[in-house]
Amino acid sequence: MLLVHPGGPFFAKKDGGAWTIPKGEAAPGEDLLQRAQIEFEEELGIRPAGDWIPLGSIKQKGGKIVYAWAFEGDLPDSFKLKSNTFEMEWPPRSGKHGKFPEIDQAVFFSEEVARHKINPAQIALLDRLGAALNLRRAAARNFRV
């Protein structure tokens, strides 16, 4: 499972519970799958493609609603993370501003490891992905000609 680690000074030394699926914010009325695809490309620098598996939505601790989809794929051998950046005052109240990547790492993890790394609110998305894949496997077994 591909997870990303948030960039910037707040997450620099955080690991367990800090990783997330690639995500962003949609404008009201915007197609959510299309926005997810755009955010994936903006955060990772590669265009996602595949058979999209809807995983529904979850509400994170801070109140943000996250809609998610999964697809099967791999990062190309030539992959180099090309994340958007953001600017913030750092250190706080210093008057100095720094530019930081939205994402500083993108890594494939086993399901077991992903469950320890991912934002706890997003574990439900891993559960839903597992259920969806099990349904697909069962349907494939029952569809033998």
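Let us look at the structure shown here. (Residues numbered from 1 in each chain as written. Predicted model: local features only at pLDDT ≥ 70, side-chain atom pairs only at ≥ 80, totals over all residues. Heavy atoms only, no water.)

## Comments concerning the overall build of the protein chain
As a reminder of what qualifies: Per the convention used, a helix needs a DSSP run of H or I reaching at least four residues, while a strand needs a run of E reaching at least two, with both numbered from the N terminus. Relative accessible area decides the class of each residue, using a 1.4 Å probe on protein chains only: under 20% of the type maximum gives buried, over 50% gives exposed, and in between gives partly exposed. Contacts: residue pairs with any heavy atoms within 4.5 Å of one another. Working definition of accessibility: Shrake-Rupley area with a 1.4 Å probe, residue cover restricted to the visible protein chains. Just so you know, the count uses Lys and Arg for positive and Asp and Glu for negative, and it drops His and the chain ends. A charged residue contributes its charge at one atom only: NZ of Lys, CZ of Arg, CG of Asp or CD of Glu.
Along the backbone of the protein chain there are three helices and six strands. Reading the helices (α) and strands (β) of the protein chain from amino to carboxyl end gives β-α-β-β-β-β-β-α-α. Taking the principal axes of the C-alpha coordinates as reference, the protein chain spans close to 70 × 35 × 25 Å. Out of the 145 residues belonging to the protein chain, those deemed buried represent 30%. Put simply, of all contacts in the protein chain between residues at least 6 apart along the chain, 57% involve residues at least 24 apart. As displayed, the protein chain has an accessible area near 9,500 Å², and 53% of this comes from carbon and sulfur atoms. For the protein chain, the distance from the average position of its 20 positive side-chain charges to the average position of its 19 negative side-chain charges is 4 Å.

## Structural notes on helix 1 (residues 32-44)
Count 3.6 residues to each turn of an α-helix, and residues three or four apart come out pointing the same way. Inclusion rule: The span you would expect from a helix comes to 1.5 Å times its residue count less one. Note that the arc is defined by the directions from the helix axis to the C-beta atoms. In protein, a polar contact requires one atom able to donate a hydrogen and another able to accept it; more generally it is a pair of N or O atoms within 3.5 Å, and residues adjacent in sequence count only if both atoms are side-chain atoms.
Compared with the 18 Å implied by 1.5 Å per residue over 13 residues, the 18 Å span of helix 1 between its first and last C-alpha is a close match. The set of residues buried in helix 1 consists of Arg35, Glu39, Phe40, Glu43 and Leu44. Down the axis of helix 1, the buried set is contained in an arc of 140°. They therefore lie on one face. Of the residues flanking the start of helix 1, the one acting as N-cap is aspartate 31, its side-chain oxygen 3.3 Å from the backbone nitrogen of leucine 33. Glycine 45 occupies a position one or two residues after helix 1 and carries a positive phi of about 85°.

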